[in-house]
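# Notes for the structure review
Listed below are the residues making up each chain.
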Amino acid sequence: MFHLILKRLLWMIPTLFAISFISFALIQLPPGDYLTSYVTALAETGEPVAEEQVEALRRRYDLDRPFMIQYLKWLNNLLPFGFERQDTGSYWRTDAGDFNWPSFKWPDLGMSFEWNRQVTELIGERLLLTMLISVVTLLFTWALAIPVGIYSAVRQYSWGDYTFSVLGFIGLAIPNFLLALVFMYLGYSFFGISAGGLFSPEYQDAPWSVARFTDLLAHLWIPVIVIGTAGTAGLIRVMRGNLLDELPKQYVMTARAKGLAPWKLLIKYPVRVALNPLISTIGWVLPGIVSGSVITAVVLGLPTTGPLLLRALQNQDMYLAGSMVMILSFLTVIGTLLSDILLLWLDPRIRYEGRDNA
Amino acid sequence: MPYRSILHFLRRLGLVALGLFLLTEALGYITFFLSGAGEADLSRLEALPAPARQDRPPESLNQVAEWPIAKGRAFQQAPMLDALVQTGTLPPVAERLPENPLVIVPAHQNGPYGGTWTRYGTSPSDIGIFSHRLAYDGLLRWGPMGREIRPNLATHWDIADEGRSYTFHLRRGVRWSDGHPFTADDIIFWYEDVLQNKDLTPVISVEYNKGGQLVQIEKLDDYTVRFRYAEPYGLFLKMMASNLSYQLVSYPAHYLKQFHPRYVPEEELLAKARASGKDFWYQYFTDRYDYRNPTCPRIWPWIVSKPPPARPAEFMRNPYYWKVDPEGQQLPYIDRMTFEIFDIETINIKAINGEVGMQGRHTTFQNYPLFMANQERGGYKVRHWLDGGDGTMAITFNLNHKDPVLKKIFHDRRFRIAMSHALDREAMREAAYLGQGEPRQVSPPPASAYYVPEHLYAYLTHDPALANRLLDEVGLSARDEDGHRLRPDGQPLFLNIETSSTMLGAGKTFEMIAANWTAVGIKSVVKHQARQLYAQRRNALLCDVLVWGGAGEIIPTLDPRWFIPYNASSFFGLDYARWFRSNGKKGEKPPPDMLRCIEIFRQIERTVDEEEQIRLFKEIIEINRHNLWTIGTIGAIPQIFIVSNKFRNVPEVAVGCWPLRTPGATAPESYAIVAN
């Protein structure tokens, strides 16, 4: 077990390096750069930018360097171990002129062009709310999907099963952003909830208080339901299908024949096995918590990290986009490892390494 | 039994399908009724007054005046500043205001003070509308209809030497938002240390370079500056009123000198720059000057107090703002302005819900019926402003096309006229513009002093027979078996109509243009592209047909992009524009008629007399009428502004366009919000 984890941790290093290069290259791949999109966006609102100004901006953002230089600079700043930039601006030479040996330092995620802010600052303030929404949504999804999935499997082809299936398919079929728009309209028409965002205008920048928290809860249900419905529907189907596979198996029949209480039997054996797919996808939940449900968050105007990433990618705001992609990749790699460990623990049938078979 | 199981499966399938159908139908009906979309019938739209063609009576627009010295200095200030004055943090209002504050006579009423102007944007850079349009304070300013130039920071000005020399007399005693006096020294700082600094201004824009020489700016005394050009520059005042002077009065020397290497050792600056994550001193300098820096003093009505990414970004009143109303109340009336970022659809829902203060940006015309239907419920009014850029859609052929055969076809004037006659503009008007507007070419609208009806309404009839005849004359009479015309070299003639995917507002129109052209045998296809890709293909001269919106045709001399190959937005001749801007060093030399237009425009640039400018520009328009380098579709589409019923002093009608910095020219500092 320990060997496995160590080996996986070591493999993460080359994986992340490869991801960093590919993602940085992909962000740079579309034609133009941040300035092209900035200038054309302004032109669309009827605010032409003179070519002379574009030159000044390109200089300001240091966008006239070759790709590899930009990449290496970014990578060096990103790593906790590397060349510390000197006051003269050089990475290789110290102020005294000697060779500047690489050392441990704080990772620096770089600047966002569009926000004119440090990336850490931008992500930091959005992270808490993003995680709150994601965790609440996840709990909502599980709390709804697992019992409903069990019910649908045990009472297969009952009216209840049909009802949940129909609702589930609708939830799956309606695009999230559409549901978000409908809810926003209904929320304002019937409850007077200001459309979009997580707070009413008066609580927007107020300090935390009971009233502000209540206000947050009044807004939170919309994103939770909107993001949750699609996930719930999918999960119900997975849960139902898995359980249906387990229920006719012989061990269930045996346990039943021996007189184990039906409820106890159900929870203790088939349900536990049916949960495996949920656990193995936990690895995707972790980055999901950070990136959020992007389109829904954009429509609802949530102050989360998803819209930040989307916008950065659209605009080729490359340090912001690159750093966020790196964070997400890091979390995916960690999450996959976590879910593998959880699976090993949950299901004794799974073996690692394969040499035990010999 | 397989038969039974199939039956069973079918029954289940049927049940699920029925359930799904019923539920989606129900959901659809519920949302339809709740959204009020059913109420927005078009008969109500047609009852609307047509957008005004003429200047409105002056009482509904703001006016400017000078403060009568005889009236004394009994000025009043916003209640939120009282406490600050009492504690001594702020000097009394009479000491903060200049000797002769500029008086803005509001459009409707004086005051009241207070309130928050809530605005929404779609991106962080969109908040830049604050510095582009809401903080519209230069030496001069346009009136709200774009007809006259008004004093602002300059009280008056003299023109001498046939338009080579301009002397501006600055308002005495204007102060930056930190209380420091604003003087000619600030303008000189900008001139010497910003404009002429190679790091801050790598390329000096053409407006400051006339006759091959940089403009000379001298300080005559603390409140007088003189601009001297090597040759007469007749458009200078207009440029100053539009945007030029904004730059030169936005650099507070007393604050920014500490970030400039001429005044502070460069190593010291570099250390500071690095500490804030910048690599070079000029990045740090620009960052300090940026409107998002709350510590940099300004002369604007509001100043950023919580810069983005704060949600909402917040701007608060400038206690040293140098304008008053006729009763001597210091402007602005509105205390605070907030910006929040949402998706464009969300912003439209917010507008319908009545959550918008006063905003014209992002309120898309496609939602016009919804805006109209929800006015009462949402507590707002829809204002129809005249669009100063009249060409809602400008269609151009790439006259610099790399393909010599296509280039030759595009250069035939009969071809362009045929393509204009092939368009069914009435159908476009009905389908895409809800029956609003009228067919027009891209030309100054009737509200403009440069209006030439012969061009605005030229070649607009939908006449496929005429189009077909003209196309045959051009030499495109050969057709393939599908009826599509062939090029003179026997290849099929095929046109890509290219545009940016973000111009979807007019999506239906594109398809109609392609269908109309295909109907006269010119096979055309619409290609929506990401805006970066579009920009690159355009600049590489790879596009066939380019479509874009109009500019500020109401004052066409400021940006004549659709009349002469003027800049990178003159899509009909981008390589000719390069030739024009580089004085013949780069790009392709334009054909004779275009050269003639450029010549006349250069003459306008040297002409001070407005009447003569108009007469000359009408000559350019006449050459354009003959050549039709740009094809228009529908014009006179009003600009939609959503104005909360609590807002006062927002004019019923004004002109909306970039040269007037809309809504800047309607004096947002005189807008007011009533409690109920």
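Residues numbered from 1 in each chain as written. Chains lettered and ligands numbered in written order. Predicted model: local features only at pLDDT ≥ 70, side-chain atom pairs only at ≥ 80, totals over all residues.

## Quick word on the overall build of chain B
- Counting secondary structure elements, chain B contains 23 helices and 28 strands.
- A globule of 676 residues ought to have a C-alpha radius of gyration of about 26 Å, and chain B, at 28 Å, matches this closely.
- Viewed in the frame of its principal axes, chain B has a C-alpha envelope of about 90 × 70 × 55 Å.
- Looking at chain B as a whole, 48% of its 676 residues are labelled buried. (Helix = DSSP H or I, 4+ residues; strand = E, 2+ residues; numbered from the N terminus. Rg over C-alpha atoms; globule rule 2.2 N^0.38 Å. Buried ≥ 20, exposed ≤ 12 C-beta atoms within 10 Å, placed from the backbone.)

## What about the interface of chain A and chain B?
- Counting residues at the interface gives 53 residues for chain A and 58 residues for chain B.
- Per-class residue counts for the side of chain A that touches chain B are 25 nonpolar, 15 polar and 13 charged. (Contact = placed C-beta atoms within 7 Å. Nonpolar A, V, L, I, M, F, W, Y, C, P; charged D, E, K, R; others polar.)

## A closer look at the sheet that holds strand β6 (residues 154-160) of chain B
All names here are of chain B.
- Strand order in this open sheet of 4 strands is β6-β7-β11-β10, and the pairing throughout is antiparallel. Where the open sheet ends on each side, the last strands, each with one partner, are β6 and β10 (216-221). Between one strand and the next, the sheet's axes are offset by a mean angle of 20 degrees, whatever the strand orientation.
- With 6 bridges joining them, β6 and strand β7 (residues 165-170) adopt antiparallel strand pairing. Bridging across to β7, W157 finds its partner in F168.
- Where helix α6 (residues 184-195) meets the sheet, its contacts fall on β7, β10 and β11 (224-228), and the angle it forms with β10 comes to roughly 160 degrees. (Pairing = 2+ DSSP bridges. Axes fitted to C-alpha atoms, helices over the stretch in contact; angles between N-to-C directions.)

## Remarks on the pairing of strand β20 (residues 494-500) of chain B
Residues and elements named next belong to chain B.
- By the criterion of burial, β20 is predominantly enclosed, with 5 of the 7 residues buried.
- Relative to strand β21 (residues 523-529), β20 is paired through 7 bridges, and the arrangement is parallel. Across the sheet, residue E498 finds its bridge partner in β21, namely K527.
- Note: β20 against strand β22 (residues 545-548), 2 bridges, orientation parallel.

## Concerning the domain arrangement of chain A
All names here are of chain A.
- Split into domains, chain A comes out as domain 1 (15-83) and domain 2 (123-352).
- Between the C-alpha centres of domain 1 and domain 2 there is a distance of 34 Å.
- Listed per partner, the contact involves 14 residues of domain 1 and 14 residues of domain 2.
- Listed by contribution, the elements that provide at least two residues to the side of domain 1 that touches domain 2 are α1 (2-28), α2 (34-44) and α4 (67-78).
- Sort the elements by how many residues they give to the side of domain 1 that touches domain 2 and α1 lands first, with 8 residues. (Domains from an automatic or database assignment.)

## So, unusual backbone geometry
Residue and element names in this part refer to chain B.
- Look at the link from G111 to P112: it is a cis peptide, with omega at 0 degrees.
- Following the sequence through the fold, P112 ends up in the loop between β2 (102-105) and β3 (116-121).
- Of note, the bond from P308 into P309 is cis; its omega dihedral lies within 30 degrees of zero at 15 degrees.
- Following the sequence through the fold, P309 ends up in the loop between β12 (302-306) and β13 (313-317).

## What to know about the nonpolar core
- Of all hydrophobic cores here, the largest spans 222 residues; its most connected members are V547 and V655 of chain B.
- The element that contributes the greatest number of residues to this core is helix α16 (residues 318-346) of chain A, accounting for 7 residues.
- What V547 of chain B contacts, discounting residues up to four positions off in sequence, is M393, A394, I395, I497, T499 and F510 of chain B.
- By size, the runner-up hydrophobic cluster in this structure holds 11 residues, among which are A145, F164, A233 and A274 of chain A. (Core = buried A, V, L, I, M, F, W, Y, C linked by C-beta atoms within 7 Å.)

## Looking at the packing of helix α7 (residues 176-191) of chain A against helix α11 (residues 344-353) of chain B
- Here α7 of chain A crosses α11 of chain B at 20 degrees, and the two axes come no closer than 11 Å. In terms of their interaxial angle, α7 of chain A and α11 of chain B are classed as roughly parallel. Crossing geometry of α7 of chain A relative to α11 of chain B is assigned as right-handed. Contact with α7 of chain A, carried on its side by L181, M184, Y185 and Y188 of chain A, involves E345, T346, I349 and N353 of chain B of α11 of chain B and no other residues of that element. (Parallel < 35°, antiparallel > 145°, perpendicular 65-115°, else oblique. Left-handed = near helix turned anticlockwise from the far one by under 90°.)

## A closer look at the sheet that holds β20 of chain B
All names here are of chain B.
- Ordered by their spatial adjacency, 5 strands build an open sheet running β21-β20-β22-β18-β23, and the pairing between neighbours is mixed. With one partner strand each, in any of the chains shown, β21 and β23 (630-632) form the two edges of the open sheet. On average, each strand axis in the sheet is tilted by 25 degrees relative to the strand beside it, whichever way the strands run.
- Helix-sheet contacts for helix α20 (residues 531-539) involve β20, β21 and β22, and the interaxial angle to β20 is about 130 degrees.

## Re the pairing of strand β25 (residues 639-644) of chain B
All names here are of chain B.
- Where burial is concerned, most of β25 is hidden: 6 out of the 6 residues are buried.
- Of the two faces of β25, the one holding Q639, F641 and V643 and the one holding I640, I642 and S644 are both buried throughout.
- By the bridge criterion, 2 bridges tie strand β16 (residues 358-359) to β25 in an arrangement that is antiparallel. Paired with M358 across the bridge in β25 is V643.

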